[in-house]
Amino acid sequence: MNLLITGGCGFIGSNFVRYWLEHHPGDHVVVYDKLTYAGRRENLQELWGDPRLRLVQADIADLETVRRSCQEHGTDLIVNFAAETHVDQSILGPLVFTDTNVRGTHVLLEVARELGIRLHHISTDEVYGHIPDRHQSIETDPLAPRSPYAASKAAADQLVQAYHITYGLPVTITRGANNVGPYQYPEKAVPLFSTNAILGEPLPVYGDGRQMRDYAHVFDHCTGIETVLLRGEIGEVYNVGTGREMTNLEMVGIVLDTLGKGHDLVRHVTDRPGHDRRYSMNVHKLRALGWEPRYDPRQAVAEAARWYAEHRGWWEPIRSGEFREYYARQYAERLADQEQR
Ligand code: NAD
Ligand code: DAU
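Residues numbered from 1 in each chain as written. Chains lettered and ligands numbered in written order. Predicted model: local features only at pLDDT ≥ 70, side-chain atom pairs only at ≥ 80, totals over all residues. Heavy atoms only, no water.

- An unreviewed UniProt entry lists the chain under the name dTDP-glucose 4,6-dehydratase, with Deinococcus rhizophilus given as the organism.
- The record in UniProt for the chain states the following under Sequence similarities (unreviewed entry): "Belongs to the NAD(P)-dependent epimerase/dehydratase family. dTDP-glucose dehydratase subfamily."
- Regarding the chain, the UniProt comment filed under Cofactor (unreviewed entry) reads as follows: "NAD(+)". (UniProt positions renumbered as here; feature names shortened; annotations may be inferred.)

Below you can see the structure in the form of structure tokens.
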């Protein structure tokens, strides 16, 4: 099979490309990636000499290049990981989220329709919005996104479903919980807190830190997507997570304990605007296809923290580059305000 994997140089995409080539050795993969700040060739460093893997550096919103890539490589399946993915970035500069997440996905759907290609779309639990205590989102729940990022992902989901209903395009969608693991850009909480702790810098916890997340290992997300690609029903949506949540403060405690650092590094800073208090998904539909997660969330967070301790060579160049400007913009005032309290 010939796969076009968009966003394959990002966090989950690179883990998925590595997983897929290992478990499906007869397949060929084109990684189609714009290489934004979050996309890094080195995330697939050891694989670039492999004749089964190619890179096309381009934008998913560029219809001509998407079409040409699919035609030249005889694409059977598009797996769309490409997106702007960080909620805080979507609050600072939201328009690019519409360009990539909505228009980009729409372009992929148009090419898939024209050339008759199956499309699998990677979505998120954030499309369900804040989840009240005791409820767990199921795939048919109404979408109620609350950040520019989540709204752009919900719009993309609805376009994907509309193409199935209107044109009969063979599509599937997976909605993932908060992923952790190797190669996650350090703007996200677990790699940010791990690398700050390793550097002895404060950990900026938003608000009271009692928000609930399902921290799932990226390996389990990859096997969940594989399960849907191989056994999922066309036109259907599947949640992918562990179904178990913890508070951010619990997550921070696991990071600090794993790295042998003191809890005095924690700083409660001004909250993220519109911060969703809780995400929680029911994953029975995916389990019914025979999938089971390998990691519980505590193991997943601890293992991720250890990876950052053991791979300083991966994240130190990132943290010393343009990331510093973002970090100052996002945290300098928050941390200074906190020190004055
Ligand atoms: P990431 O930010 O690490 O990587 C995104 C990748 O997309 C990068 O390689 C980037 O260069 C590429 N990209 C961005 N804009 C592009 C464009 N216009 N054209 C082509 N490539 C472009 O993201 P991630 O955390 O790996 O997330 C991957 C997907 O999974 C996203 O769709 C995200 O919404 C979804 N998701 C993420 C999580 C999570 O916890 N990280 C959870 C559920 C779902
Ligand atoms: O739930 C799936 C989503 O998980 C994905 O769709 C997104 O692409 C991904 O970025 C992630 O979104 P979150 O906003 O939940 O993840 P983030 O790592 O940014 O934050 C996790 C939690 O930690 C959240 O409650 C906010 C909090 N947080 C985050 C940062 C960056 C802090 O308290 N301080 C921080 O500095």
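Still more ground to cover, so stick around.
## Looking at the overall build of the chain
Thought 1: In terms of helices and strands, the chain carries 12 helices and 13 strands.
Thought 2: On C-alpha atoms alone, the chain measures out to a radius of gyration of 19 Å, which is about the 20 Å that the 2.2 N^0.38 rule sets for 341 residues.
Thought 3: Projecting the C-alpha coordinates of the chain onto the three principal axes gives extents of approximately 60 × 45 × 35 Å.
Thought 4: Counting the 341 residues in the chain, one finds 58% classified as buried.
Thought 5: When contacts within the chain are restricted to residue pairs at least 6 apart in sequence, those whose partners lie at least 24 apart make up 82%.
Thought 6: Total accessible area on the chain stands at roughly 13,900 Å², and carbon and sulfur atoms take up 49% of it. (Helix = DSSP H or I, 4+ residues; strand = E, 2+ residues; numbered from the N terminus. Rg over C-alpha atoms; globule rule 2.2 N^0.38 Å. Buried < 20%, exposed > 50% of the residue type's maximum accessible area, 1.4 Å probe, protein only. Contact = heavy atoms within 4.5 Å. Areas by Shrake-Rupley, 256 points an atom, 1.4 Å probe, with all protein chains shown as cover.)

## Concerning the site of ligand 2
Thought 1: In the vicinity of ligand 2, 26 residues are found, and the nearest of them are Asp125, Tyr149, Asn178, Arg272 and Tyr331.
Thought 2: For ligand 2, an oxygen atom lies 2.8 Å from a polar atom in the backbone of threonine 85.
Thought 3: Here an oxygen atom of ligand 2 and a side-chain polar atom of aspartate 125 are 2.5 Å apart.
Thought 4: When ligand 2 sits alone it has 690 Å² of accessible area, and the protein chains cover 95% of it.
Thought 5: Mapped by element, the contributors of at least two residues to the shell around ligand 2 are helix H3 (87–92), helix H6 (189–199) and strand S8 (203–206). (Near = heavy atom within 4 Å. Polar contact = N/O pair within 3.5 Å; in protein donor to acceptor, adjacent residues only side chain to side chain.)

## Quick look at the sheet that holds strand S6 (residues 171–176)
Thought 1: The sheet built from seven strands is open, its strands ordered S3-S2-S1-S4-S5-S6-S11 with parallel pairing. This sheet does not close on itself; its edge strands, each paired only once, are strand S3 (53–57) and strand S11 (237–240). Averaged over neighbouring strand pairs, the angle between their axes works out to 20° when direction is ignored.
Thought 2: The pairing of strand S5 (residues 118–124) with S6 spans six bridges and is parallel. Bridged to leucine 119 within S6 is valine 171.
Thought 3: Of the strands in this sheet, S5, S6 and S11 touch helix H5 (residues 148–167), which is tilted by about 155° from S5. (Pairing = 2+ DSSP bridges. Axes fitted to C-alpha atoms, helices over the stretch in contact; angles between N-to-C directions.)

## Concerning the UniProt feature "domain: NAD(P)-binding" (unreviewed entry) in the chain
Thought 1: Feature annotation in UniProt assigns "domain: NAD(P)-binding" (unreviewed entry) to the following positions: residues 4–303.
Thought 2: Its end C-alpha atoms 30 Å apart, residues 4–303 is made of 40% helix and 18% strand.

## What about helix H2 (residues 63–73)?
Residue pairs spaced three or four apart in an α-helix point in one direction, given the helix's 3.6 residues per turn.
Thought 1: Within the sequence span of H2, burial applies to Thr65, Val66, Ser69, Cys70 and His73. On an axial view of H2, the arc spanned by its buried residues comes to 130°, and they lie on one face.
Thought 2: Just past H2, the residue glycine 74 takes up positive phi, approximately 55°. (Arc of directions from axis to C-beta.)

## Observations concerning the domain arrangement of the chain
Thought 1: One can read the domain layout of the chain as domain 1 (2–180 + 214–240) and domain 2 (189–212 + 246–274 + 298–334).
Thought 2: Taken over C-alpha atoms, the centre of domain 1 sits 26 Å from the centre of domain 2.
Thought 3: Contacts between the two partners involve 14 residues from domain 1, matched on the other side by 19 residues from domain 2.
Thought 4: Considering only the surface of domain 1 that becomes buried against domain 2, Asp88, Leu92 and Tyr215 emerge as the three largest contributors, covering 41% of it.
Thought 5: The residue aspartate 88 makes a salt bridge to arginine 272 at a minimum N-O spacing of 2.7 Å.
Thought 6: At the surface where domain 1 touches domain 2, the tally comes to six residue pairs in polar contact (both at pLDDT 80 or more). (Domains from an automatic or database assignment. Buried area = accessible area lost by both parts, 1.4 Å probe. Salt bridge = Lys/Arg side-chain N within 4 Å of Asp/Glu carboxyl O.)

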